[in-house]
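Residue-level listing of the chains:
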Amino acid sequence: QVQLVESGGGLVQPGGSLRLSCAASGRTFSTYAMGWFRQAPGKEREFVARISWSGANTYYADSVKGRFTISRDNAKNTVLLQMNNLKPEDTAVYYCAAGPGRPGGSQASHDYDYWGQGTQVTVSS
């Protein structure tokens, strides 16, 4: 099992940058694939980005590709989401998630077993 805690959310102006951090506890953290999801008010939770256990494979939603970067440091038990050129439509609660690795990866929330409590990101002028 793994426990996840997100941090780094806040208020930022359009075009600004923010870095989210996911701190993980658990001796098996390095064996999990990790993902970031987000949920805006009145909308369903949507996939943002994922990274394999080794960090070699990453995948992004089209809406954030080229602006967001996911990375992980297994030695530090952390996963990061660097968000650049933020837009108002990026406003949401962002969740870190962990799940078993699988061929081809997964963008489905049901394939992730553990979730953090979320951190609020608000992009507004």
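Overview of the structure. (Residues numbered from 1 in each chain as written. Predicted model: local features only at pLDDT ≥ 70, side-chain atom pairs only at ≥ 80, totals over all residues. Heavy atoms only, no water.)

## Here's the deal with the nonpolar core
Counting 34 residues, the largest nonpolar core has Met34, Trp36, Leu81, Met83 and Tyr94 as its most contacted members. Ranked by residues supplied to this core, first place goes to strand β9 (residues 92-100) with five residues. (Core = buried A, V, L, I, M, F, W, Y, C linked by side-chain atoms within 4.5 Å. Buried < 20%, exposed > 50% of the residue type's maximum accessible area, 1.4 Å probe, protein only. Helix = DSSP H or I, 4+ residues; strand = E, 2+ residues; numbered from the N terminus.)

## Section: the layout of surface pockets
Reported here for the largest pocket is a volume of approximately 160 Å³. Contributing to the lining of the largest pocket are 14 residues, with Ala33, Arg50, Ser52, Arg102 and Gly105 lying nearest its centre. By residue class, the composition of the lining of the largest pocket is five nonpolar, six polar and three charged. (1 Å grid on protein atoms, 1.4 Å probe; cavity = no way out; pocket = protein on both sides within 12 Å on 5 of 7 lines; lining within 4 Å. Points joined across faces, edges and corners; volume = space filled by probe spheres on them. Nonpolar A, V, L, I, M, F, W, Y, C, P; charged D, E, K, R; others polar.)

## Some points on the side chain of threonine 78
Along the polypeptide, threonine 78 turns up in strand β8 (residues 78-83). Owing to a relative accessible area of 19%, threonine 78 belongs among the buried residues under this scheme. Non-local contacts of threonine 78, meaning those with residues more than four positions away in its chain, are made with Cys22, Phe29, Ser71, Arg72 and Asp73. (Contact = heavy atoms within 4.5 Å.)

## A closer look at the pairing of β9
Look at any regular strand and the pattern is simple: side chains alternate between the two faces of the sheet. Of all the nine residues making up β9, seven are buried; the element is thus mostly covered by neighbouring parts of the structure. Bridge count between strand β4 (residues 32-39) and β9: eight bridges; the pairing is antiparallel. Considered in β9, the bridge of tryptophan 36 is made with cysteine 96. Here β9 pairs with strand β11 (residues 119-123) via three bridges, running antiparallel. The partner of alanine 92 across the bridge, within β11, is valine 121. Of the pairings in the sheet, the one linking β9 to strand β10 (residues 114-115) comprises two bridges and is antiparallel in character. Note on β10: the bridge partner recorded for alanine 98 is tyrosine 114. (Pairing = 2+ DSSP bridges.)

## Quick notes on the state of the cysteines
For the coordinates displayed, the defined rule picks out one disulfide. In this model, cysteine 22 is linked to cysteine 96 through a disulfide, with the two sulfur atoms separated by 2.2 Å. Disulfide cysteine 22-cysteine 96: torsion about the S-S bond near -80°, hence left-handed. Of the two residues, cysteine 22 sits in strand β3 (residues 18-25) while cysteine 96 sits in strand β9, which places them 74 residues apart along the sequence. Judged by relative accessible area, which is 0%, cysteine 22 ranks as buried. In this structure cysteine 96 comes out as buried when scored by relative accessible area, which is 0%. (Disulfide = S-S within 2.5 Å.)

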